[in-house]
Amino acid sequence: MPVKSGRRMHLATLLQPNGHHTAGWRHPDAQLGGDHDFRVYRHLAETAERGKFDVLFLADAVGLRDRETSEQLSRSPITANLEPLALLSALSVVTSRIGLAATASTTYNEPYHIARKFASLDHLSNGRAGWNVVTSFSDGEARNFNRDSHPDHTTRYGRAREFVSVVRGLWDSWDDDAFVRDKASGRYFDPGKLHVLNHRGAHFAVRGPLNIARAPQGHPVIFQAGASDDGLGLAAETADAVYTAAQTLEEAQAYYARLKGKIAAAGRDPQTVKILPGIQPFVGHTEEEAKAKHRALLDLIHPDAGLGHLSTLIGVDMSAYPLDGPVPELPVTESHRSRQKLLLDLARRENLTVRQLYGHVCNGAGHHTAVGTPGQIADRLQHWFENGAADGFNILPPYLPGGLEDFVDLVVPELQRRGLFRTEYEGATLRDHLGLARPGLVREAVRIA
Ligand SMILES: Cc1cc2nc3c(=O)[nH]c(=O)nc-3n(C[C@H](O)[C@H](O)[C@H](O)COP(=O)(O)O)c2cc1C
(Lines give C-alpha, C1' and ligand atoms only; values in the text may rest on other atoms or scores of the structure.)
Protein backbone atom coordinates (compact mmCIF):
# COMPACT_ATOMS: atom_id res chain seq x y z
CA MET A 1 0.00 0.00 0.00
CA PRO A 2 1.65 3.34 -1.00
CA VAL A 3 2.30 5.66 1.95
CA LYS A 4 0.45 9.02 1.92
CA SER A 5 2.91 11.22 3.85
CA GLY A 6 6.17 11.22 5.79
CA ARG A 7 4.30 11.12 9.10
CA ARG A 8 5.50 8.33 11.40
CA MET A 9 3.36 6.32 13.80
CA HIS A 10 4.03 5.80 17.50
CA LEU A 11 3.97 2.34 19.08
CA ALA A 12 3.20 1.49 22.68
CA THR A 13 2.71 -1.96 24.12
CA LEU A 14 0.57 -2.90 27.08
CA LEU A 15 2.32 -5.75 28.86
CA GLN A 16 -0.20 -7.81 30.79
CA PRO A 17 2.08 -10.47 32.29
CA ASN A 18 0.01 -13.32 30.88
CA GLY A 19 -0.98 -11.72 27.60
CA HIS A 20 -4.02 -9.64 26.77
CA HIS A 21 -6.33 -12.46 25.74
CA THR A 22 -8.18 -14.10 28.64
CA ALA A 23 -6.95 -17.53 27.53
CA GLY A 24 -3.47 -16.24 26.58
CA TRP A 25 -1.88 -17.89 29.61
CA ARG A 26 -3.17 -21.27 28.39
CA HIS A 27 -1.48 -20.96 24.98
CA PRO A 28 0.92 -23.89 24.55
CA ASP A 29 3.90 -21.53 24.19
CA ALA A 30 2.89 -19.07 26.93
CA GLN A 31 5.60 -18.50 29.49
CA LEU A 32 4.03 -18.76 32.94
CA GLY A 33 5.20 -17.04 36.09
CA GLY A 34 5.75 -13.71 34.34
CA ASP A 35 3.49 -11.95 36.83
CA HIS A 36 6.17 -12.25 39.51
CA ASP A 37 9.34 -13.13 37.64
CA PHE A 38 11.58 -10.20 36.72
CA ARG A 39 13.47 -12.24 34.10
CA VAL A 40 10.28 -12.67 32.06
CA TYR A 41 9.60 -8.92 32.13
CA ARG A 42 13.19 -8.16 31.29
CA HIS A 43 12.93 -10.27 28.14
CA LEU A 44 9.66 -8.52 27.16
CA ALA A 45 11.11 -5.05 27.74
CA GLU A 46 14.22 -5.90 25.74
CA THR A 47 12.07 -7.30 22.94
CA ALA A 48 9.92 -4.13 22.78
CA GLU A 49 13.07 -1.99 22.82
CA ARG A 50 14.54 -4.11 20.00
CA GLY A 51 11.34 -3.23 18.12
CA LYS A 52 12.02 0.51 18.78
CA PHE A 53 8.70 0.95 20.57
CA ASP A 54 8.06 4.40 22.04
CA VAL A 55 6.89 3.02 25.36
CA LEU A 56 5.93 -0.07 27.31
CA PHE A 57 3.01 0.34 29.62
CA LEU A 58 1.80 -1.50 32.72
CA ALA A 59 -1.89 -1.44 33.65
CA ASP A 60 -2.88 -1.71 37.30
CA ALA A 61 -5.65 -1.89 39.87
CA VAL A 62 -5.34 -1.64 43.63
CA GLY A 63 -7.39 -4.69 44.46
CA LEU A 64 -8.85 -7.84 42.98
CA ARG A 65 -11.72 -7.57 40.53
CA ASP A 66 -14.84 -7.64 42.67
CA ARG A 67 -17.68 -8.50 40.34
CA GLU A 68 -16.39 -12.03 40.09
CA THR A 69 -16.77 -15.04 42.33
CA SER A 70 -13.68 -16.85 43.56
CA GLU A 71 -14.60 -19.60 41.11
CA GLN A 72 -14.58 -17.13 38.21
CA LEU A 73 -11.43 -15.38 39.41
CA SER A 74 -9.62 -18.66 39.80
CA ARG A 75 -9.95 -19.13 36.03
CA SER A 76 -8.21 -15.83 35.30
CA PRO A 77 -4.51 -15.00 35.49
CA ILE A 78 -5.10 -11.28 36.08
CA THR A 79 -5.28 -11.52 39.84
CA ALA A 80 -1.82 -10.89 41.22
CA ASN A 81 1.25 -9.15 39.83
CA LEU A 82 4.16 -6.89 40.73
CA GLU A 83 3.59 -3.26 41.70
CA PRO A 84 4.23 -1.32 38.45
CA LEU A 85 6.50 1.49 39.67
CA ALA A 86 8.77 -0.94 41.50
CA LEU A 87 8.92 -3.09 38.38
CA LEU A 88 9.60 -0.14 36.05
CA SER A 89 12.40 1.06 38.33
CA ALA A 90 14.07 -2.32 37.89
CA LEU A 91 13.42 -2.29 34.13
CA SER A 92 14.94 1.19 33.86
CA VAL A 93 18.30 -0.36 34.71
CA VAL A 94 18.23 -3.04 32.00
CA THR A 95 16.84 -0.85 29.20
CA SER A 96 18.17 2.43 27.84
CA ARG A 97 15.76 3.92 25.31
CA ILE A 98 12.19 2.66 25.60
CA GLY A 99 9.67 4.75 27.58
CA LEU A 100 8.35 3.23 30.82
CA ALA A 101 4.77 4.06 31.78
CA ALA A 102 2.65 2.85 34.68
CA THR A 103 -0.93 3.27 35.75
CA ALA A 104 -1.56 5.02 39.06
CA SER A 105 -4.95 5.92 40.49
CA THR A 106 -5.99 9.47 41.40
CA THR A 107 -8.76 8.07 43.59
CA TYR A 108 -6.59 5.94 45.88
CA ASN A 109 -3.37 7.96 46.09
CA GLU A 110 -2.23 11.38 47.23
CA PRO A 111 -0.68 13.83 44.71
CA TYR A 112 2.55 14.29 46.67
CA HIS A 113 3.30 10.56 46.61
CA ILE A 114 2.56 10.25 42.90
CA ALA A 115 4.55 13.36 41.93
CA ARG A 116 7.56 12.10 43.85
CA LYS A 117 7.41 8.52 42.56
CA PHE A 118 7.12 9.42 38.87
CA ALA A 119 9.79 12.11 39.20
CA SER A 120 12.02 9.44 40.76
CA LEU A 121 11.36 7.03 37.90
CA ASP A 122 12.14 9.83 35.44
CA HIS A 123 15.52 10.41 37.13
CA LEU A 124 16.31 6.69 37.36
CA SER A 125 15.50 6.17 33.68
CA ASN A 126 17.05 9.42 32.38
CA GLY A 127 13.78 10.85 31.15
CA ARG A 128 11.67 7.86 30.15
CA ALA A 129 8.80 7.92 32.69
CA GLY A 130 5.09 8.11 31.92
CA TRP A 131 2.04 8.13 34.19
CA ASN A 132 -1.26 6.64 33.02
CA VAL A 133 -3.82 8.64 35.00
CA VAL A 134 -6.88 6.57 35.97
CA THR A 135 -9.72 7.08 38.41
CA SER A 136 -10.03 3.30 39.15
CA PHE A 137 -13.24 1.40 38.75
CA SER A 138 -14.37 -0.88 41.55
CA ASP A 139 -15.77 -1.17 45.05
CA GLY A 140 -13.14 -3.87 45.55
CA GLU A 141 -10.50 -1.14 45.34
CA ALA A 142 -12.51 1.24 47.59
CA ARG A 143 -12.64 -1.41 50.32
CA ASN A 144 -8.84 -1.40 50.50
CA PHE A 145 -8.83 2.35 51.19
CA ASN A 146 -11.19 2.95 54.11
CA ARG A 147 -14.38 3.11 52.03
CA ASP A 148 -17.31 0.77 51.41
CA SER A 149 -17.95 1.90 47.87
CA HIS A 150 -16.22 3.54 44.96
CA PRO A 151 -16.92 7.32 44.65
CA ASP A 152 -19.25 8.27 41.80
CA HIS A 153 -17.92 9.13 38.35
CA THR A 154 -18.27 12.95 38.64
CA THR A 155 -16.59 13.10 42.05
CA ARG A 156 -13.75 10.89 40.82
CA TYR A 157 -13.09 13.03 37.79
CA GLY A 158 -13.29 16.27 39.83
CA ARG A 159 -10.64 14.88 42.15
CA ALA A 160 -8.59 13.62 39.17
CA ARG A 161 -8.51 17.10 37.56
CA GLU A 162 -7.28 18.74 40.73
CA PHE A 163 -4.91 15.82 41.41
CA VAL A 164 -3.13 16.21 38.05
CA SER A 165 -2.83 19.96 38.46
CA VAL A 166 -1.29 19.54 41.94
CA VAL A 167 1.16 16.92 40.64
CA ARG A 168 2.17 19.24 37.80
CA GLY A 169 2.62 22.09 40.26
CA LEU A 170 4.81 19.92 42.48
CA TRP A 171 6.92 18.86 39.50
CA ASP A 172 7.74 22.56 39.13
CA SER A 173 9.08 22.86 42.68
CA TRP A 174 12.64 23.55 41.50
CA ASP A 175 14.27 25.28 38.56
CA ASP A 176 16.23 22.84 36.43
CA ASP A 177 19.48 24.33 37.66
CA ALA A 178 18.46 24.88 41.31
CA PHE A 179 20.99 22.42 42.78
CA VAL A 180 24.31 24.26 42.46
CA ARG A 181 26.16 21.95 44.93
CA ASP A 182 28.94 24.50 45.29
CA LYS A 183 31.59 23.09 47.61
CA ALA A 184 33.56 26.34 47.59
CA SER A 185 30.75 28.61 48.84
CA GLY A 186 28.98 25.92 50.85
CA ARG A 187 25.69 26.48 48.96
CA TYR A 188 23.82 23.28 48.01
CA PHE A 189 20.89 24.84 46.20
CA ASP A 190 19.97 28.34 45.09
CA PRO A 191 17.05 29.49 47.29
CA GLY A 192 15.89 31.79 44.48
CA LYS A 193 15.15 28.71 42.38
CA LEU A 194 12.79 27.02 44.82
CA HIS A 195 9.01 27.22 44.23
CA VAL A 196 6.40 26.50 46.87
CA LEU A 197 3.03 25.43 45.51
CA ASN A 198 0.72 26.46 48.39
CA HIS A 199 -2.25 24.67 46.81
CA ARG A 200 -5.67 24.78 48.48
CA GLY A 201 -8.62 23.35 46.54
CA ALA A 202 -11.81 21.33 46.88
CA HIS A 203 -9.97 18.03 47.34
CA PHE A 204 -6.40 18.79 48.36
CA ALA A 205 -4.30 21.11 50.49
CA VAL A 206 -0.66 20.67 49.47
CA ARG A 207 2.05 23.15 50.33
CA GLY A 208 5.08 21.61 48.62
CA PRO A 209 7.80 21.87 47.51
CA LEU A 210 8.56 18.37 46.28
CA ASN A 211 11.69 16.85 47.81
CA ILE A 212 13.21 15.78 44.51
CA ALA A 213 14.91 17.82 41.79
CA ARG A 214 13.00 18.70 38.62
CA ALA A 215 12.61 15.63 36.40
CA PRO A 216 14.76 15.20 33.28
CA GLN A 217 11.62 15.55 31.14
CA GLY A 218 10.42 18.52 33.19
CA HIS A 219 7.15 16.65 33.56
CA PRO A 220 6.94 12.88 33.01
CA VAL A 221 4.56 12.11 30.12
CA ILE A 222 0.85 12.00 31.07
CA PHE A 223 -1.23 9.22 29.55
CA GLN A 224 -5.01 8.92 29.90
CA ALA A 225 -7.60 6.41 28.78
CA GLY A 226 -11.00 7.74 29.80
CA ALA A 227 -13.67 7.88 27.14
CA SER A 228 -16.74 9.29 28.91
CA ASP A 229 -17.40 13.05 28.61
CA ASP A 230 -15.54 13.59 31.88
CA GLY A 231 -12.74 11.29 30.75
CA LEU A 232 -12.39 13.08 27.41
CA GLY A 233 -12.43 16.43 29.21
CA LEU A 234 -9.59 15.37 31.48
CA ALA A 235 -7.62 14.01 28.53
CA ALA A 236 -8.21 17.18 26.50
CA GLU A 237 -6.93 19.38 29.33
CA THR A 238 -4.04 17.30 30.63
CA ALA A 239 -2.92 14.32 28.52
CA ASP A 240 0.14 14.03 26.31
CA ALA A 241 -1.05 10.70 24.91
CA VAL A 242 -4.31 8.77 25.11
CA TYR A 243 -5.10 5.06 24.96
CA THR A 244 -8.46 4.07 23.60
CA ALA A 245 -10.45 0.93 22.82
CA ALA A 246 -12.29 0.91 19.49
CA GLN A 247 -13.71 -2.12 17.71
CA THR A 248 -14.04 -0.57 14.28
CA LEU A 249 -12.36 2.06 12.11
CA GLU A 250 -15.52 4.20 12.33
CA GLU A 251 -15.50 4.13 16.15
CA ALA A 252 -11.82 5.01 16.22
CA GLN A 253 -12.35 7.89 13.75
CA ALA A 254 -15.27 9.26 15.78
CA TYR A 255 -13.24 9.14 19.00
CA TYR A 256 -10.22 10.72 17.31
CA ALA A 257 -12.26 13.60 15.83
CA ARG A 258 -14.11 14.22 19.10
CA LEU A 259 -11.02 14.24 21.29
CA LYS A 260 -8.94 16.35 18.89
CA GLY A 261 -11.86 18.82 18.80
CA LYS A 262 -11.96 18.98 22.60
CA ILE A 263 -8.18 19.47 22.76
CA ALA A 264 -8.48 22.47 20.43
CA ALA A 265 -11.42 23.79 22.48
CA ALA A 266 -9.26 23.50 25.60
CA GLY A 267 -6.76 25.86 23.91
CA ARG A 268 -4.12 23.23 23.12
CA ASP A 269 -2.61 22.17 19.79
CA PRO A 270 -4.36 18.88 18.84
CA GLN A 271 -1.18 17.60 17.16
CA THR A 272 0.63 17.57 20.49
CA VAL A 273 -1.66 14.89 21.95
CA LYS A 274 -1.09 11.41 20.52
CA ILE A 275 -4.10 9.09 20.25
CA LEU A 276 -3.24 5.39 20.40
CA PRO A 277 -6.05 2.85 19.85
CA GLY A 278 -5.34 -0.65 21.15
CA ILE A 279 -4.77 -3.44 18.62
CA GLN A 280 -4.55 -7.10 19.54
CA PRO A 281 -2.54 -8.74 16.73
CA PHE A 282 -2.48 -12.40 15.71
CA VAL A 283 0.38 -12.61 13.23
CA GLY A 284 1.04 -15.61 10.99
CA HIS A 285 3.40 -16.30 8.11
CA THR A 286 0.21 -17.14 6.21
CA GLU A 287 -3.35 -15.93 6.75
CA GLU A 288 -4.39 -19.49 7.64
CA GLU A 289 -1.69 -19.76 10.31
CA ALA A 290 -2.82 -16.45 11.86
CA LYS A 291 -6.48 -17.57 11.88
CA ALA A 292 -5.54 -20.88 13.48
CA LYS A 293 -3.67 -19.03 16.27
CA HIS A 294 -6.73 -16.89 16.89
CA ARG A 295 -9.20 -19.82 16.88
CA ALA A 296 -7.01 -21.83 19.24
CA LEU A 297 -7.22 -19.15 21.94
CA LEU A 298 -10.99 -18.64 21.56
CA ASP A 299 -11.47 -22.37 22.19
CA LEU A 300 -9.46 -22.12 25.43
CA ILE A 301 -11.76 -19.57 27.17
CA HIS A 302 -13.38 -21.19 30.21
CA PRO A 303 -17.04 -19.99 30.61
CA ASP A 304 -16.42 -18.87 34.23
CA ALA A 305 -13.46 -16.80 33.09
CA GLY A 306 -15.51 -15.39 30.21
CA LEU A 307 -18.46 -14.39 32.40
CA GLY A 308 -16.20 -12.93 35.05
CA HIS A 309 -14.28 -10.79 32.61
CA LEU A 310 -17.47 -9.57 30.93
CA SER A 311 -19.03 -8.65 34.31
CA THR A 312 -16.00 -6.56 35.24
CA LEU A 313 -15.93 -4.60 32.01
CA ILE A 314 -19.68 -4.13 31.66
CA GLY A 315 -20.07 -3.17 35.34
CA VAL A 316 -22.91 -5.66 36.05
CA ASP A 317 -22.87 -9.28 37.33
CA MET A 318 -23.69 -11.17 34.14
CA SER A 319 -23.83 -14.65 35.68
CA ALA A 320 -27.53 -14.03 36.45
CA TYR A 321 -28.42 -14.10 32.73
CA PRO A 322 -28.77 -17.17 30.48
CA LEU A 323 -25.52 -17.82 28.61
CA ASP A 324 -27.21 -18.41 25.31
CA GLY A 325 -29.90 -15.74 25.69
CA PRO A 326 -29.69 -12.20 24.27
CA VAL A 327 -27.68 -9.54 26.12
CA PRO A 328 -30.32 -7.78 28.29
CA GLU A 329 -30.91 -4.08 29.00
CA LEU A 330 -28.52 -3.10 31.82
CA PRO A 331 -28.37 -0.25 34.34
CA VAL A 332 -25.76 2.45 33.54
CA THR A 333 -22.56 1.62 35.41
CA GLU A 334 -20.60 3.92 37.73
CA SER A 335 -17.33 2.35 36.60
CA HIS A 336 -16.24 1.86 32.95
CA ARG A 337 -19.08 3.83 31.37
CA SER A 338 -17.60 4.10 27.91
CA ARG A 339 -16.66 0.41 27.83
CA GLN A 340 -20.18 -0.62 28.86
CA LYS A 341 -21.66 1.44 26.03
CA LEU A 342 -19.16 0.06 23.52
CA LEU A 343 -20.04 -3.53 24.50
CA LEU A 344 -23.80 -2.98 24.53
CA ASP A 345 -23.63 -1.27 21.13
CA LEU A 346 -21.66 -4.24 19.80
CA ALA A 347 -24.16 -6.74 21.24
CA ARG A 348 -27.12 -4.89 19.66
CA ARG A 349 -25.34 -4.38 16.33
CA GLU A 350 -24.40 -8.04 15.95
CA ASN A 351 -27.34 -9.51 17.89
CA LEU A 352 -25.02 -11.34 20.30
CA THR A 353 -25.81 -13.74 23.13
CA VAL A 354 -24.08 -13.37 26.51
CA ARG A 355 -21.69 -16.18 25.54
CA GLN A 356 -20.84 -14.57 22.21
CA LEU A 357 -20.29 -11.20 23.90
CA TYR A 358 -17.84 -12.66 26.40
CA GLY A 359 -16.02 -14.24 23.45
CA HIS A 360 -15.48 -10.70 22.13
CA VAL A 361 -14.47 -9.35 25.54
CA CYS A 362 -11.93 -12.08 26.19
CA ASN A 363 -10.65 -11.47 22.73
CA GLY A 364 -9.11 -8.05 23.38
CA ALA A 365 -11.42 -6.52 26.01
CA GLY A 366 -13.22 -4.33 23.49
CA HIS A 367 -10.09 -3.51 21.49
CA HIS A 368 -9.73 -4.24 17.79
CA THR A 369 -8.26 -7.63 16.87
CA ALA A 370 -6.18 -7.85 13.69
CA VAL A 371 -5.59 -11.37 12.35
CA GLY A 372 -3.33 -11.90 9.34
CA THR A 373 0.08 -11.86 7.72
CA PRO A 374 2.57 -9.08 8.56
CA GLY A 375 1.57 -7.32 5.33
CA GLN A 376 -2.15 -7.53 6.12
CA ILE A 377 -1.67 -6.23 9.66
CA ALA A 378 0.58 -3.42 8.44
CA ASP A 379 -2.13 -2.55 5.87
CA ARG A 380 -4.73 -2.31 8.67
CA LEU A 381 -2.52 -0.10 10.84
CA GLN A 382 -1.59 2.10 7.90
CA HIS A 383 -5.24 2.48 6.89
CA TRP A 384 -6.28 3.59 10.41
CA PHE A 385 -3.21 5.83 10.72
CA GLU A 386 -3.82 7.58 7.39
CA ASN A 387 -7.55 7.95 7.78
CA GLY A 388 -8.03 10.02 10.89
CA ALA A 389 -8.24 7.21 13.44
CA ALA A 390 -4.82 7.10 15.12
CA ASP A 391 -1.43 8.74 15.71
CA GLY A 392 -0.07 5.30 16.53
CA PHE A 393 -1.12 2.14 18.30
CA ASN A 394 -1.07 0.40 21.64
CA ILE A 395 -0.10 -3.18 20.79
CA LEU A 396 -1.77 -5.75 23.04
CA PRO A 397 0.01 -9.10 22.58
CA PRO A 398 -2.59 -11.86 23.09
CA TYR A 399 -0.03 -14.19 24.70
CA LEU A 400 3.59 -13.79 25.76
CA PRO A 401 6.32 -13.76 24.81
CA GLY A 402 5.36 -15.08 21.32
CA GLY A 403 2.65 -12.47 20.65
CA LEU A 404 5.13 -9.62 21.16
CA GLU A 405 8.02 -11.37 19.40
CA ASP A 406 5.85 -12.02 16.31
CA PHE A 407 4.90 -8.34 16.13
CA VAL A 408 8.47 -7.11 16.62
CA ASP A 409 10.06 -9.61 14.22
CA LEU A 410 7.40 -9.65 11.50
CA VAL A 411 5.20 -6.53 11.56
CA VAL A 412 7.66 -3.84 12.72
CA PRO A 413 10.07 -4.50 9.79
CA GLU A 414 7.13 -4.20 7.38
CA LEU A 415 6.10 -0.85 8.92
CA GLN A 416 9.73 0.30 8.74
CA ARG A 417 10.03 -0.80 5.10
CA ARG A 418 7.03 1.42 4.32
CA GLY A 419 8.60 4.37 6.14
CA LEU A 420 5.77 4.37 8.68
CA PHE A 421 7.91 3.67 11.74
CA ARG A 422 11.38 4.61 12.98
CA THR A 423 14.34 2.28 12.31
CA GLU A 424 16.34 3.80 15.19
CA TYR A 425 15.54 5.87 18.24
CA GLU A 426 16.27 9.48 17.38
CA GLY A 427 16.02 11.01 20.85
CA ALA A 428 16.77 9.97 24.41
CA THR A 429 13.56 10.65 26.33
CA LEU A 430 9.97 9.44 26.05
CA ARG A 431 9.00 13.01 25.16
CA ASP A 432 11.53 12.87 22.30
CA HIS A 433 10.04 9.60 21.00
CA LEU A 434 6.53 11.06 21.07
CA GLY A 435 7.64 14.38 19.53
CA LEU A 436 6.55 16.35 22.62
CA ALA A 437 8.18 19.53 23.87
CA ARG A 438 9.73 19.63 27.34
CA PRO A 439 7.51 21.86 29.49
CA GLY A 440 9.14 25.00 30.81
CA LEU A 441 8.72 26.21 34.35
CA VAL A 442 6.40 29.19 34.49
CA ARG A 443 5.72 30.04 38.12
CA GLU A 444 7.45 32.68 40.18
CA ALA A 445 10.01 31.52 42.72
CA VAL A 446 8.68 31.64 46.30
CA ARG A 447 10.92 31.37 49.32
CA ILE A 448 10.02 29.24 52.30
CA ALA A 449 9.38 31.67 55.14
C1 LIG B 1 -5.63 0.64 27.01
C2 LIG B 1 -6.34 0.96 28.28
C3 LIG B 1 -5.72 0.69 29.49
C4 LIG B 1 -6.34 0.96 30.70
N5 LIG B 1 -5.69 0.68 31.86
C6 LIG B 1 -6.31 0.88 33.04
C7 LIG B 1 -5.66 0.54 34.25
O8 LIG B 1 -4.54 0.07 34.25
N9 LIG B 1 -6.33 0.74 35.42
C10 LIG B 1 -7.58 1.29 35.45
O11 LIG B 1 -8.11 1.46 36.54
N12 LIG B 1 -8.22 1.63 34.30
C13 LIG B 1 -7.62 1.42 33.11
N14 LIG B 1 -8.25 1.73 31.95
C15 LIG B 1 -9.59 2.32 32.04
C16 LIG B 1 -9.61 3.81 31.79
O17 LIG B 1 -8.61 4.53 32.42
C18 LIG B 1 -10.93 4.40 32.19
O19 LIG B 1 -11.10 4.30 33.58
C20 LIG B 1 -12.05 3.70 31.53
O21 LIG B 1 -11.85 3.76 30.13
C22 LIG B 1 -13.37 4.31 31.92
O23 LIG B 1 -13.31 5.69 31.76
P24 LIG B 1 -14.59 6.51 31.46
O25 LIG B 1 -15.50 6.27 32.62
O26 LIG B 1 -14.12 7.93 31.33
O27 LIG B 1 -15.13 5.96 30.21
C28 LIG B 1 -7.65 1.50 30.72
C29 LIG B 1 -8.30 1.78 29.48
C30 LIG B 1 -7.65 1.52 28.27
C31 LIG B 1 -8.35 1.84 26.99
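Below or above, wherever it landed, is the structure these notes cover. (Residues numbered from 1 in each chain as written. Predicted model: local features only at pLDDT ≥ 70, side-chain atom pairs only at ≥ 80, totals over all residues.)

### Let's talk about the site of the ligand
Neighbouring residues of the ligand: 24 residues in total, closest A59, G226, S228, G231 and S338. Those elements that place two or more of their residues in the shell around the ligand are α7 (229–238), β8 (241–244) and α11 (337–350). No other element matches the three residues that α11 contributes to the shell around the ligand. Along the lines of polarity and charge, the residues of the shell around the ligand split into nine nonpolar, 11 polar and four charged. (Near = placed C-beta within 6 Å. Helix = DSSP H or I, 4+ residues; strand = E, 2+ residues; numbered from the N terminus. Nonpolar A, V, L, I, M, F, W, Y, C, P; charged D, E, K, R; others polar.)

### Examining unusual backbone geometry
A cis geometry characterises the amide bond from G208 onward to P209, with omega recorded as -5 degrees. Inspection of the secondary structure puts P209 in the loop between β6 (205–206) and β7 (221–224). In this model, K52 sits at a positive phi of 60 degrees, which is unusual for a non-glycine residue. Located in the positive-phi region is N126, a residue other than glycine, with phi close to 55 degrees. Mapped onto the elements, N126 comes out in the loop between α4 (111–124) and β4 (129–134). Overall, N126 belongs to the partly exposed group, with 14 C-beta atoms counted inside 10 Å. (Buried ≥ 20, exposed ≤ 12 C-beta atoms within 10 Å, placed from the backbone.)

### Some words on the environment of N394
Mapped onto the elements of the fold, N394 is located in strand β11 (residues 392–395). Residue N394 is classed as buried on the basis of its 26 C-beta neighbours within 10 Å. In this structure, the C-alpha to C-alpha distance between N394 and E289, residues 105 residues apart in sequence, is 23 Å. In this structure N394 touches A12, T13, L14, Y243, L276, P277 and G278, once residues within four positions along its chain are discounted. (Contact = placed C-beta atoms within 7 Å.)

### Some details on the packing of helix α13 (residues 374–386) against helix α14 (residues 402–417)
Taken N-terminus to C-terminus, the directions of α13 and α14 make an angle of 55 degrees; their axes are 9 Å apart at the nearest point. Taken together, the axis directions place α13 and α14 in an arrangement best described as oblique. Here the hand of the crossing between α13 and α14 comes out right-handed. Along the contact surface, α13 presents P374, G375, I377, A378 and L381, while α14 presents L410, V411, E414 and L415. For the contact of α13 with α14, the class distribution of residues is seven nonpolar, one polar and one charged. (Axes fitted to C-alpha atoms, helices over the stretch in contact; angles between N-to-C directions. Parallel < 35°, antiparallel > 145°, perpendicular 65-115°, else oblique. Left-handed = near helix turned anticlockwise from the far one by under 90°.)

### A word on the pairing of β7
In β7, alternate side chains face the same way, and those of V221 and F223 on one face and I222 and Q224 on the other are all buried. Two strands pair when backbone bridges link them, and β4 and β7 are joined in this way by four bridges, in the parallel orientation. Paired with N132 across the strands is F223, a residue of β7. With two bridges joining them, β7 and β8 adopt parallel strand pairing. Within β8, the position partnered with Q224 by the bridge is V242. (Pairing = 2+ DSSP bridges.)

### Concerning the environment of P191
In this fold, P191 is placed in the loop between α6 (153–171) and β5 (199–200). P191 sits in the exposed class, given 11 other C-beta atoms within 10 Å. Separated by 13 residues in sequence, P191 and A178 place their C-alpha atoms 7.7 Å apart.

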